[in-house]
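Residue strings, one per chain:
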Amino acid sequence: MSGEVGTRLFGRDVSLAVSWPWAVYWIAFLRVLVGTVFLHAGMDKLLADQPFNAGWWLTGTASEGLLGTLMVWFGQNAPWVVNYAIPFGELFIGIGLILGALTRLASFFGATLMFFLYFGNADWGHGFVNGDLLLLVLFITLIIFGGGRIWGIDAYLEKTETVQKYPRLRYLLG
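In this text, all values refer to a predicted model and were calculated from it rather than measured experimentally.

Chemist: So what's going on with the overall build of the protein chain? Which residues, and what values?
Modeler: On a plain count of helices and strands, the protein chain comes out with eight helices and two strands. Ordered by position in the sequence, the α and β elements of the protein chain form the string β-β-α-α-α-α-α-α-α-α. Counting contacts in the protein chain only where the partners sit at least 6 residues apart, residues at least 24 apart contribute 65% of the total. Surface accessibility of the protein chain: about 10,400 Å² in total, with carbon and sulfur atoms responsible for 68%. Side-chain charges in the protein chain split into 10 positive and 11 negative, and the spacing between the mean points of these groups amounts to 15 Å.

Chemist: A description of the environment of Leu67 should follow, citing residues and the corresponding values.
Modeler: Positionally, Leu67 belongs in the loop between helix 2 (55–59) and helix 3 (68–77). For the pair Leu67 and Leu117, spaced 50 residues apart in the sequence, the C-alpha separation amounts to 9.6 Å. Residues contacting Leu67, with those up to four places away along its chain left out, are Ala62, Phe115, Phe116, Phe119 and Gly120.

Chemist: Let's hear about helix 1 (residues 23–46): which residues, and what values?
Modeler: The terminal C-alpha atoms of helix 1 lie 34 Å apart, and with 24 residues this matches the ideal 34 Å at 1.5 Å per residue to within 8%. All of the buried residues in helix 1 are Ala23, Ile27, Ala28, Leu30, Arg31, Val34, Gly35, Phe38 and Gly42.

Chemist: Provide a residue-level description of a nonpolar patch on the surface, including the pertinent values.
Modeler: Together, Met43, Leu46, Leu47, Trp80, Tyr84, Phe88, Phe92, Ile95, Leu99 and Ile153 make up a nonpolar patch on the protein surface, roughly 990 Å² of accessible area in all. Elements with a contribution of two residues or more to the nonpolar patch: helix 1 and helix 4 (79–99). With six residues, the top contributor of residues to the nonpolar patch is helix 4. With respect to the element layout, Ile153 can be found in the loop between helix 6 (131–145) and helix 7 (154–157).

Chemist: With reference to specific residues and values, describe the nonpolar core.
Modeler: If you look at the biggest cluster of nonpolar residues, it comprises 22 residues, and the most contacted ones within it are Val34, Phe38, Leu58, Leu97, Met114 and Phe139. Mapped by element, the contributors of at least two residues to this core are helix 1, helix 2, helix 4, helix 5 (103–120) and helix 6.

Chemist: Explain the layout of surface pockets to me, and be specific about the residues and the numbers.
Modeler: Considering only enclosed or pocket space, the largest pocket measures out at about 360 Å³ in volume. Around the largest pocket, the lining comprises 16 residues; the ones closest to its centre are Val82, Ala85, Ile86, Leu113 and Phe116. Those elements that place two or more of their residues in the lining of the largest pocket are helix 2, helix 3, helix 4 and helix 5. For the lining of the largest pocket, the leading source of residues is helix 4, giving six residues. For the lining of the largest pocket, the residue count by class is 14 nonpolar, two polar and no charged. Taken together, the elements giving at least two residues each to the lining of the second largest pocket come down to helix 1, helix 2, helix 4 and helix 5.

The rules we used
Residues numbered from 1 in each chain as written. Predicted model: local features only at pLDDT ≥ 70, side-chain atom pairs only at ≥ 80, totals over all residues. Heavy atoms only, no water. Helix = DSSP H or I, 4+ residues; strand = E, 2+ residues; numbered from the N terminus. Contact = heavy atoms within 4.5 Å. Areas by Shrake-Rupley, 256 points an atom, 1.4 Å probe, with all protein chains shown as cover. Lys, Arg positive; Asp, Glu negative; His and termini not counted. Charge placed at Lys NZ, Arg CZ, Asp CG, Glu CD. Expected span 1.5 Å × (residues − 1). Buried < 20%, exposed > 50% of the residue type's maximum accessible area, 1.4 Å probe, protein only. Patch = residues over 30% accessible without salt bridge, like charges linked within 9 Å, V, L, I, M, F, W, Y side chains within 5 Å. Salt bridge = Lys/Arg side-chain N within 4 Å of Asp/Glu carboxyl O. Core = buried A, V, L, I, M, F, W, Y, C linked by side-chain atoms within 4.5 Å. 1 Å grid on protein atoms, 1.4 Å probe; cavity = no way out; pocket = protein on both sides within 12 Å on 5 of 7 lines; lining within 4 Å. Points joined across faces, edges and corners; volume = space filled by probe spheres on them. Nonpolar A, V, L, I, M, F, W, Y, C, P; charged D, E, K, R; others polar.

Note that all results are geometric; they support no functional claim without further evidence.
Encoded structure:
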C-alpha cells in the first residue's frame, strides 16, 4: 500500500510518494514527539523558581561558538529578548506541533532556535552530531513533509475560506 504527501515547496506543488503506509503516521508521531519535548522545555523554564536567564550562556559558552559575536551582543545589549523568546518560543512551538496547527510556522521557528543553539554551542568535543543538530533536522523534516496535515488542525485550516482565498497562507500550515 502506498500513499502520497502533497506539499508546496518554493512555489511549486510537490508530491512525495510514501510506499510504506505507516510512514505518514510516523511523521505525525515525530511531530507530536518533538512538540512534547518543546512544550516540556518551555514549561520547565516558565514554571521554574527563578526566572529564565540565558545571559550566562550568551556571554559565556556561546561567545566561543561560530555565532559568538552575535550571541555576545544579545547577552550585553538585549538579554531580555532571549530570556522571553526561548521559553515562550518553546512553549508555543510545542503547542503548535502537538495540535498540528501552523505546523510549518512552528517548525520554522523551532529550526531557527535550533540553528542558533547548534552553532552557538562551542563544545563539539563528542563530534558535530548532537541533540541540537538532530532536532534541527527533525524540524526541517516537518517543514518538508507538512506534518500538520496528518491528524492535525492544519488539515482543517487548509479547507477554510480564508486559506482558499489566500493560498499563500498554506506556507504557514502543514
